[in-house]
Every structure is written in structure tokens, then in C-alpha cells.
Amino acid sequence: MAGKNKNKEKESTIENYYDLKTDKIDELVAALKGEEDEADSSIDYSINFNTGVYDPKNIKKNGKEKQFDPYERDFLAKIPVWLKALFVKWWFAGAVCYFFVWGINLGAPLDAIVLTGAVLGIVVDILVNPLFRYMETDRREYNAYMMFPFPFKQFWTFFTNIIYYVVVLIVMYYCFYFFVNDVIFNGGQMLTVEPLLFGVFCVIIDMIFIGIKNGIVALIKHGRSKKENSSNV
């Protein structure tokens, strides 16, 4: 009998617990429907009131004050992901060219390519990829613009990024500068190494390699999903 009474007491306490929370559910439903309590309606959500600074920019054309909107998207959020990703890659590549190609006169083209590629790989590993991780959402939309898109920093990616971008600069040199200057114009200097074009050429070659990698990964995933579906059948 004592055990049954204890069970009844537990059940009653659980029921009482959930009964106490029903008012919170009603408040949530009312909030979702856009209903406001009398106490909440007296709260001023205007930007000028809450900041304590009057700014005419916070006054709309109809004379009403702008209200705080926690879900409002900022300017950067409205820019397409592909445009932000390509701009960041172009800007950092141009910056590396400015400081290490223009800033350090190495003389031999091979030495300049290897050093610049190594520096660019380090910059991508410690600055560009972490910046992409900072800007991305749970959809991982910047993975398509990284050669090694790992969610957490890996020690070995430091060296693979260096090797990868040395290869990128070698291909870029022979596809653009060497081909245009030495092959088409017989040793002329039609294309000079400068940050703007350097960044554009680097992004083109980089995205070609990344696109090939993304295509291979997509084919592998597609093959695995086919196998799983066939095995389930």
C-alpha cells in the first residue's frame, strides 16, 4: 500500500508540474500570434529611447521611430556568399603579391613562385579559412570555396595548404605570365606581376582546382548513396 501511495504522489507531482507550466505555453502562443499583454505594450522598443541618443536617421518618413529588430539582416548578410568568398580570396592574394612580390625582389622566377606560394598557403590557413568559418552558418556554405574544408583546424592542413598554393602559383605562372609573355609575344612583357591581375589569376586557378575537387567528392557521395539505397532494397 505504501508503494502505491508513493507512486500516486509521484504522478500527482508530475501532473502538478506540467499544470504549472501551461500558462507559459499560453504566453508563447499569444506571442507567436502577435498578441501583446498590457504590460508589454507599455515598453518602448524605439532605437532612440533605448540608446539614449537622439538620431534623426532613426525617424521614418511617416514620423514614426524605428524599432529594434533582432532578426534584421545587416549589409554583409545580403551579399551573395560566392561574391564574398571570391573577394576575400582575391584580396588576400593581391595583398601577398603586394608585400612579397613587390616588396622582396628575389630575381629568379622559381624562387619568387615558391616563396609567394608558401606565404599564400600560410595566409590561407591562418586567416582566410578561419574568416570563412567565422562568416558561415550551420549550412557550411563556404566549404565549396576551400580546398581543405575541415570544421576544426588540423595541424597537417598548414603544410598541405603551403604545398597546394605553391602548385597553384606554378600553374598560374605557366598558364598566364609565361604563356602570354614568352609564347605569344616571344619574350615580351605584356603581362607584368601586379596585385590586381595577380589576385584574379590566382583565384581562377584556385577555383578550377577546388571545382575539380568538389566534383570528385560529389561523385563519390553519389556512388555511396546509390550503394546504400541498393543494399537497403
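Everything below is about the structure shown above.
Residues numbered from 1 in each chain as written. Predicted model: local features only at pLDDT ≥ 70, side-chain atom pairs only at ≥ 80, totals over all residues. Heavy atoms only, no water.

A.B. asks: So what about the pattern of salt bridges? Which residues, and what values?
C.D. replies: One pass over the full model with this rule turns up three salt bridges. One salt bridge in this structure joins arginine 133 and glutamate 136, with 2.8 Å as the shortest N-O distance. For arginine 133, a relative accessible area of 17% puts it in the buried group. Connected through salt bridges with shared partners, the residues Arg133, Glu136 and Arg140 form a single ionic network. (Salt bridge = Lys/Arg side-chain N within 4 Å of Asp/Glu carboxyl O. Buried < 20%, exposed > 50% of the residue type's maximum accessible area, 1.4 Å probe, protein only.)

A.B. asks: Just give me the short version of empty space enclosed by the protein, but keep the residues and values in it.
C.D. replies: What the rule picks out here adds up to one cavity of 30 Å³ or more. Within the residue set of the lining of the largest cavity, elements represented by two or more residues are helix 5 (81–101), helix 6 (109–135) and helix 8 (195–232). At five residues, the largest contribution of residues to the lining of the largest cavity is made by helix 6. Grouping the constituent residues of the lining of the largest cavity by class yields 11 nonpolar, one polar and two charged. (1 Å grid on protein atoms, 1.4 Å probe; cavity = no way out; pocket = protein on both sides within 12 Å on 5 of 7 lines; lining within 4 Å. Points joined across faces, edges and corners; volume = space filled by probe spheres on them. Helix = DSSP H or I, 4+ residues; strand = E, 2+ residues; numbered from the N terminus. Nonpolar A, V, L, I, M, F, W, Y, C, P; charged D, E, K, R; others polar.)

A.B. asks: Can you lay out the nonpolar core for me, pointing to particular residues and giving the numbers?
C.D. replies: Of all hydrophobic cores here, the largest spans 31 residues; its most connected members are Leu120, Val128, Phe132, Leu169, Met172, Tyr177 and Cys202. Secondary structure elements with two or more residues in this core: helix 5, helix 6, helix 7 (157–184) and helix 8. Among the elements that line this core, the one with the most residues is helix 7, at eight residues. Not counting the four nearest positions on each side in its chain, valine 128 is found in contact with Val88, Phe92 and Val123. (Core = buried A, V, L, I, M, F, W, Y, C linked by side-chain atoms within 4.5 Å. Contact = heavy atoms within 4.5 Å.)

Without other data, these values stay purely geometric and don't point to any function.
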